[in-house]
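A closer look at the structure
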There are 6 protein chains.
Amino acid sequence: MSAAARTSDVIDLALAEDVGAGDVTTEATIPADARGVAGVVVREPGVVCGLDAALEVFRRLDPDAEMDVRSPDGAAVSDAPATVATVRGGYRALLTGERTALNLLQRLSGIATTTRAYVDAVDGTRAAILDTRKTAPGLRALDKHAVLCGGGRNHRAGLDDAVLIKDNHVAVAGGIKPAIERARAAVGHLVKIEVEVDTLAQLEEALGVGVDAVLLDNMSPETLRRAVAMVDRRAVTEASGRINPETAPAIAAAGVDLISVGWLTHSAPVLDIGLDYRG
Amino acid sequence: MSAAARTSDVIDLALAEDVGAGDVTTEATIPADARGVAGVVVREPGVVCGLDAALEVFRRLDPDAEMDVRSPDGAAVSDAPATVATVRGGYRALLTGERTALNLLQRLSGIATTTRAYVDAVDGTRAAILDTRKTAPGLRALDKHAVLCGGGRNHRAGLDDAVLIKDNHVAVAGGIKPAIERARAAVGHLVKIEVEVDTLAQLEEALGVGVDAVLLDNMSPETLRRAVAMVDRRAVTEASGRINPETAPAIAAAGVDLISVGWLTHSAPVLDIGLDYRG
Amino acid sequence: MSAAARTSDVIDLALAEDVGAGDVTTEATIPADARGVAGVVVREPGVVCGLDAALEVFRRLDPDAEMDVRSPDGAAVSDAPATVATVRGGYRALLTGERTALNLLQRLSGIATTTRAYVDAVDGTRAAILDTRKTAPGLRALDKHAVLCGGGRNHRAGLDDAVLIKDNHVAVAGGIKPAIERARAAVGHLVKIEVEVDTLAQLEEALGVGVDAVLLDNMSPETLRRAVAMVDRRAVTEASGRINPETAPAIAAAGVDLISVGWLTHSAPVLDIGLDYRG
Amino acid sequence: MSAAARTSDVIDLALAEDVGAGDVTTEATIPADARGVAGVVVREPGVVCGLDAALEVFRRLDPDAEMDVRSPDGAAVSDAPATVATVRGGYRALLTGERTALNLLQRLSGIATTTRAYVDAVDGTRAAILDTRKTAPGLRALDKHAVLCGGGRNHRAGLDDAVLIKDNHVAVAGGIKPAIERARAAVGHLVKIEVEVDTLAQLEEALGVGVDAVLLDNMSPETLRRAVAMVDRRAVTEASGRINPETAPAIAAAGVDLISVGWLTHSAPVLDIGLDYRG
Amino acid sequence: MSAAARTSDVIDLALAEDVGAGDVTTEATIPADARGVAGVVVREPGVVCGLDAALEVFRRLDPDAEMDVRSPDGAAVSDAPATVATVRGGYRALLTGERTALNLLQRLSGIATTTRAYVDAVDGTRAAILDTRKTAPGLRALDKHAVLCGGGRNHRAGLDDAVLIKDNHVAVAGGIKPAIERARAAVGHLVKIEVEVDTLAQLEEALGVGVDAVLLDNMSPETLRRAVAMVDRRAVTEASGRINPETAPAIAAAGVDLISVGWLTHSAPVLDIGLDYRG
Amino acid sequence: MSAAARTSDVIDLALAEDVGAGDVTTEATIPADARGVAGVVVREPGVVCGLDAALEVFRRLDPDAEMDVRSPDGAAVSDAPATVATVRGGYRALLTGERTALNLLQRLSGIATTTRAYVDAVDGTRAAILDTRKTAPGLRALDKHAVLCGGGRNHRAGLDDAVLIKDNHVAVAGGIKPAIERARAAVGHLVKIEVEVDTLAQLEEALGVGVDAVLLDNMSPETLRRAVAMVDRRAVTEASGRINPETAPAIAAAGVDLISVGWLTHSAPVLDIGLDYRG
């Protein structure tokens, strides 16, 4: 898989841009030795994600910061508001890290919550919900973790860990068959090959050469059904193309193995989460 | 201002996580010397933002890549689809950089488009639309650039370039007055001080000590109107608290100088943008 | 504030350039398990500064190194020689880190001592002594900390955390008024604006537009007195221009709020400090 | 030699701490396409040093910046003020880089000027003026370059490129002889050994074992003369210990090869240098 | 694939450790403006590899350095000595970069030469020669490039881009079947699975569950032949276990697809290559 | 000495390239809380080297990993197989770090073993075995440590910590005498000078000017004997030129001080070492 930034690097970057030379307000108003306790409160129903990352933010500012977790990453909150965790540490560390911690928690919980809505929509079918590479720049590993928290599955991590032949590759290579053959000759024996097809004719060509997976792009449920029948378990089937929770059930009912959704990571709204300080 | 990651660093990070050891599909199917041309197509109405960043992505992969821009950052697209720019370069560079470039373009244009909706909603009032620190971790500078593209204005860049006293600072310091006084004693003569107030009584206390700006949090339009009258131009007035385009006009009509909106950067959906290859 | 190098980064840099691949002398002559104790001795009267940084140097080489501090940063030593602290740790760590620790201690104590001389010179007036951006490259944060130790105050940290309009900005912008207006339009509501004026006519122009502070450059005490009267508390007043401890009292007596002095950080001689090993 | 920070790294650090997120004043008041020309004016007699570094600062901000040099690094300016170079480039780049460039120029020229005073003081003797490791943290390579500009010579670059046995090494090793013997056994055949001696008895012990150089610390001219006679060309002789331009001639007349002076790099005042913009 | 260090990073590291603060010999003896020309001479028969890397070394020291290549990476040299390339550039750059360039060239050509010996040994069979993860720390990408130059193929780049279940994984998971099932459940649909088997019984178990490839470890040619028959094209077959050019033909004749050889990258002796300066 | 990469940096690099985004096999098959114990088994006679580095690899993955060492770095193993150490830690950490740890251990032990063979070959003479700069890029410090483990000695660390004048320096400088003189004028008083000579005439020229050491390149034992006599202890003598354990005794018998051997670090085969898991 590709060189995704580690969570600790993302946190360094986020603290650098938010705190910079220091939180002048907190340093001026809060004594250096004050201790604080705050609840992490989820204010609307959803799936929690990002608690580990949030704790790591506070620990960067106070190595002794601690978190008691009641509802860990992946837990669903139905009765809001709900205190999913309690964090203790230096008061300055809590206030200075609050925004960075919440920015992570809110984004990741938002992705997990949206993912869960898709997963629920296809419940009872064989289809799994899959993410894409449409993640926020620098946040791929965290965004993909959030998809797992919401019950989804992860597609390839980047351009370097599998072959996915798209329309432009096919156009330049001179067809689906030569594109697949070139890819097979170029990669090692442990690299899988998926090919995007827009029509059943292309699908037939791909199956003729042999591939590990097919990406069925922008097909109607009916066409998908015929595609799944043509594939007949010889390859993994993935459907994509602006699928939303309303259209997902029909897509899933067509029998595909996977439904990939860019919206999970590029447009999910945040989940409303805040810190409530005590005492 | 704080140590925001530079665009070039964000692009390094994004390419590292997306491309990693190499785009095996493109390397296998596209000749190294093939040249390509692609239109940057905005597929729904909105405000363009991120073209410079997108070009920088392609240039990282092909130093000779070029972009002809028709609708620069900040331009509004009303008739979609519209080709806002054309990019030329090595075909491999275009295909390998496409996802990273589009992830940036779509996110930033989404923020700019949402910002513009708020700006239009308060048109004709004295209120400006302001962003917050609720940006995606590592993307603060880019997210704030997108707010400017949409016609908004930027709040402070981070915790280190101005004082913004919030409720917890006040609580620990023992009141609004001592909190402001401590801050004034601690910072240099070129640092401004803003204080968050939840009630008119707090506002009066703040004005009594003297501050540069007041953050009027979660007040109704009627209360805001009274607050603005109390302030009487002695400080900048900023309203905040889950304001949406529907509620913004009434808030603005109350006479505040600034309306800050976290939604701009934490939950704006992407604008649909793609690359269309030619020939 | 700007992205000042953190103390830990400066220490990394300093140890890298001084120790490099290893202190061959110490490794050859001192057993790896020898422990040492040394007094930090200030050999002439002055103000101590840099003890924390010095301890951090030794801790980088021996994580268990400890320091007992008698006269902390900011303390004045009048009877020299005086042992202001005692450091214990691996003998090798002490000898290898000695030069780097003393380079920091001597420089910072030198700045603090020189600052104190200026502060004492204006004692009894309203004027505070202010540093400038004339710091050693890479050492801004440490140099500014030393000014605080000496009783001075800090000007802005860098070019990015406030507006300070100088003569060349005025010349290109076409006058003080347009320069201030452009700056005000460009920056956020929490950024202050200071303008440098060389004459009372310029001062009048600046006050007419309104600014947060005025830098009165190279004015005589008499002119400064008139300037302070013209400002009449509408802005903070700062005097600058090769002021030394002899001329400072007259400048301060003119009633300015601040006197900024480049000499503090660019030319203060070091304070003589050494390590005396025991036993 | 040790891992001294490269000039380009020092400049990165200095610009990061001075410019940070941007020079808000210059961006607001100076058009992006304005070009500027400025003279580098030395305002008091001295030795110029740092012009290359200053140009590199401007080039970091405007890759097309150029400098015409009349008096290069090492040149002496006797009739001040004198324009030693002219720099051309984007006006914004000049204004934004000015302070960083001048901080370097002024410090390095100050060191070169002070070095020259010592060099002149010992003119006509065999003694060369040598720097020490008492440089500003992070600036060793630049500070040592300035010493060369002033006509001095460089001592070892750091702890790793030669053996210099000092009093504490001798104390722990159990005498000068065992200290030298341990060092000789530990290092490679291309590493030289110098030993610090405080008395003629110690010198005799050192010469008995054989060393490449001796550091004669805090000796009177008369004692130095006897030491030089004892050495009789069997080792390089270096004198040290708070030597100033007044005492240097007598030290040099004692016949030592080298006089090392910490003051050159830790306490030399800056040389007054400014930028004068044209047109 | 994993985050292999880029060639440019390896070269930075190698130059940092070899050149450090500067090549004092070359700087003292070679004029700064001298130009040089040198032939890259292969002094014994073998396969050339690393010319691009060598040129990059020289370009780091002289951006205008150029190389005329007669026998590019992968070319076989049978009549030695042979000049495979000519490099031109600053004389100092050539001398200072020589050792680093040759260290790369000699190592990579050594690996390519050894690989070619194995490839030739199995010529005429279906077996390809494969590398392993037994590369020099930090040099994986370069070492694997050298294997390609010698006619071999690359195994997975690291632990993150495919599943390879070894004996200890099997032991802890409780058998080959549960190990494969756990892996399949954990990874995405584009990740292949290979399993190491030591016996035909284990092979049967693995084929029963279904895998993409089998690693047949330390089997005799006869056992390999039976294993290949059992697999019957249902999986890729890889043989390993201290195979040398003498034993390779019999292994290959058993019908395996791949033979992996750690020796290629961990013990191949260098190829003797030098620089011959002209004029 | 030059800026050799620290062991910790090499390990970071090696783990980054081998583990990347994660060891998917181990994560899928080994429980996160499983503990493991493994013996470090040397499978053929040789000298152990690299145990500290190996432990550091495991500690990077499990900070609580521990190693019991029976035969430390430098110990000779004559009865193989022999368990030289036992490592305990998280089972995942052991499996994920195994290859990186063994790559280091095997390489360094291979170098130490080969060095020992040379050292034994010259036993009873005054000659020491010396390494060269022909190390694997990035691994200089580790490779040189391995030479010490094998009983050899280290030459200079890089181009910056001593002068070694070679044939091309002599050619451009116009002779051995001017080359030495230029070097002496350029470097500090603590830098030694060695010169490579190919003939006795050159040796005479070098001795006439005076040098610290002479590199006698590619001379026969008889010529070396005459050279040593000519030198007569006025300089250190070093022999070089494709010397192997068979030819080394005659070279040593010629009376040289040092024999330098590139083969030690560029072509020593690895020592066969593995991990044997228990329980």
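Look up a bit, the structure's there.
To keep things clear, this report deals only with the structure shown in the data block. All chains use their own residue numbering, which begins from 1 and follows the written sequence. Labels follow written order: the first chain is A, the first ligand is 1, and so on. Two thresholds apply to this predicted model, a pLDDT of at least 70 for residue-level local features and 80 or more for giving and counting side-chain atom pairs, whereas whole-chain, interface and lining totals are computed over all residues. In computing side-chain values, all of the structure's heavy atoms are included and hydrogens and water are not.

1. Let's talk about the overall build of chain A
Defined as follows: Under the scheme used here, helices are H or I runs from DSSP no shorter than 4 residues and strands are E runs no shorter than 2 residues, and both carry numbers assigned from the N terminus. Each residue's exposure class comes from its accessible area (1.4 Å probe, protein chains only) as a fraction of the maximum for that residue type: buried when under 20%, exposed when over 50%, partly exposed otherwise. Contacts were defined at the residue level, with two residues in contact if any of their heavy atoms lie within 4.5 Å.
Along its length, chain A carries 11 helices and 12 strands. Considered along the principal axes of its C-alpha atoms, chain A spans approximately 70 × 40 × 25 Å. The burial tally for chain A puts 60% of its 279 residues in the buried class. For chain A, long-range pairs separated by at least 24 residues make up 70% of all intrachain contacts whose partners lie at least 6 apart in sequence.

2. Some thoughts on the relation of the copies chain A and chain B
Which entries qualify depends on this criterion: We place the copies in one frame by least squares, fitting the C-alpha atoms of every residue whose pLDDT is at least 70 in both.
Between chain A and chain B, which share one sequence, the superposing operator has a rotation angle of 180° and an axial displacement of 0.0 Å; the RMSD is 0.0 Å. Here the two chains are linked by the operation of a two-fold rotation axis. In this assembly, 100% of the residues forming the interface of chain A have copies in chain B that are likewise at the interface, indicating an isologous arrangement.

3. Some thoughts on the environment of arginine 242 of chain A
Which entries qualify depends on this criterion: Whenever a nitrogen or oxygen atom comes within 3.5 Å of another N or O atom, the pair is scored as a polar contact, on the condition that within protein one atom can donate a hydrogen and the other can accept it, and that pairs from neighbouring residues in sequence are kept only if both atoms are in side chains.
Structurally, arginine 242 of chain A can be placed in the loop between β10 (236-240) and α10 (248-253). Taking relative accessible area as the criterion, arginine 242 of chain A reaches 61% and is therefore assigned exposed. Each C-alpha atom of the pair arginine 242 of chain A and serine 260 of chain A lies 9.0 Å from the other, and the pair is 18 residues apart in sequence. Beyond its immediate sequence surroundings of up to four residues, arginine 242 of chain A is in contact with Arg43 and Asp272 of chain B. Of note is the side chain of arginine 242 of chain A, whose polar atom sits 2.5 Å from the side chain of aspartate 272 of chain B.

4. What to know about the sheet that holds strand β11 (residues 258-260) of chain B
Residues and elements named next belong to chain B. Cut-off, in case you're wondering: In this scheme, strands are said to pair when DSSP sees at least two bridges between them. Every axis corresponds to a line fitted to the C-alpha atoms, with the helix fit spanning only the stretch in contact, and the corresponding angles, defined between N-to-C directions, vary from 0 to 180 degrees.
The sheet built from 6 strands is open, its strands ordered β6-β11-β10-β9-β8-β7 with parallel pairing. The open sheet has two edge strands with one neighbour each: β6 (128-130) and β7 (163-165). Strand-to-strand twist of the sheet, defined as the mean angle between neighbouring strand axes without regard to direction, takes the value 25°.

5. Section: the environment of alanine 28 of chain B
Assignment of secondary structure puts alanine 28 of chain B in helix α2 (residues 24-29). Assessed through its relative accessible area of 12%, alanine 28 of chain B is described here as buried. Linking alanine 28 of chain B and alanine 157 of chain B, residues 129 residues apart in sequence, is a C-alpha distance of 44 Å. Apart from the residues within four sequence positions on either side, alanine 28 of chain B is in contact with Arg182, Ala183 and Ala186 of chain A.

6. Examining the interface of chain A and chain B
Heads up, the rule is: Accessible surface is computed with a 1.4 Å probe, and the buried area is the amount of it that two parts give up when combined, taken over both parts together. By definition here, a salt bridge exists when the distance from a side-chain nitrogen of Lys or Arg to a carboxyl oxygen of Asp or Glu is within 4 Å.
Listed by partner, the interface residues are 64 residues for chain A and 64 residues for chain B. Surface buried jointly by chain A and chain B totals about 5200 Å² across both partners, of which 60% is contributed by carbon and sulfur atoms. Contact with chain B buries area across many residues of chain A, yet Glu17, Pro137 and Leu159 of chain A alone supply 15% of it, more than any other trio. Taken together, chain A and chain B are joined by 6 salt bridges.

7. Some remarks on the arrangement of the chains
Chain A shows no contact with chain D. Their nearest C-alpha atoms sit 10 Å apart. Left apart from each other, chain C and chain E have a closest C-alpha approach of 10 Å.

8. Points about the side chain of glutamate 98 of chain A
All names here are of chain A. Locating glutamate 98 in the fold gives a position in helix α4 (residues 91-121). In this structure the side chain of glutamate 98 is engaged in a polar contact, spanning 2.7 Å, whose partner is the side chain of tyrosine 277. Once you skip the residues sitting within four places of it in the chain, glutamate 98 turns out to touch Phe58, Leu275 and Tyr277.

9. A closer look at helix α8 (residues 200-209) of chain B
When α8 of chain B is considered as a whole, its buried residues turn out to be Leu200, Leu203, Ala206, Leu207 and Val209 of chain B. Check the buried side of α8 of chain B and you find it contacts α7 (176-186), β8 (193-197), β9 (213-217) and α9 (221-231) of chain B.

10. Looking at the packing of aromatic side chains
All names here are of chain B. We apply this condition: In this analysis, rings of Phe, Tyr and Trp, with Trp reduced to its six-membered ring, are considered paired at centre separations within 6.5 Å, and the interplanar angle assigns stacked below 30 degrees, edge-to-face beyond 60, and tilted for intermediate values.
Enumeration according to the criterion identifies 6 aromatic pairs over all chains in this entry. With a centroid separation of 5.5 Å and 5° between ring planes, the pair formed by tyrosine 91 and tyrosine 277 is classed as stacked. With a gap of 186 residues between them, tyrosine 91 in helix α4 (residues 91-121) and tyrosine 277 in strand β12 (residues 273-277) connect regions that are remote in the sequence. Under the relative-accessibility criterion, tyrosine 91 is labelled buried at 10%. Judged by its relative accessible area of 15%, tyrosine 277 is buried.

11. What to know about the pairing of strand β12 (residues 273-277) of chain A
Looking along a regular strand, one sees side chains alternate from face to face of the sheet. Residue and element names in this part refer to chain A. The buried fraction of β12 is high, at 4 of 5 residues. Where strand β1 (residues 35-42) and β12 come together, 5 bridges link them in antiparallel fashion. Along β12, the bridge assignment pairs valine 41 with glycine 274.

12. Regarding helix α8 (residues 200-209) of chain E
Given 3.6 residues per turn, any residue in an α-helix points the same way as the ones three and four places further on. Where α8 of chain E is buried, its residues touch α7 (176-186), β8 (193-197), β9 (213-217) and α9 (221-231) of chain E. At the C-terminal side of α8 of chain E, glycine 210 of chain E shows a positive phi close to 100°.

13. Details of the sheet that holds strand β5 (residues 82-90) of chain A
Residues and elements named next belong to chain A. Strand order in the open sheet made by the 4 strands is β3-β5-β1-β12, with antiparallel pairing throughout. Looking along the sheet, the strands with just one partner apiece sit at the ends: β3 (66-69) and β12. Direction aside, the axes of adjacent strands within the sheet are offset by 25° on average. Pairing of β3 with β5 involves 4 bridges; the strand directions are antiparallel. When the bridges of β5 are listed, valine 69 appears paired with alanine 85. Strands β1, β3, β5 and β12 of the sheet are contacted by helix α3 (residues 51-61), whose axis makes an angle of about 160° with β3. α4 rests against β1, β5 and β12 of the sheet, and its axis sits at about 155° to β12.

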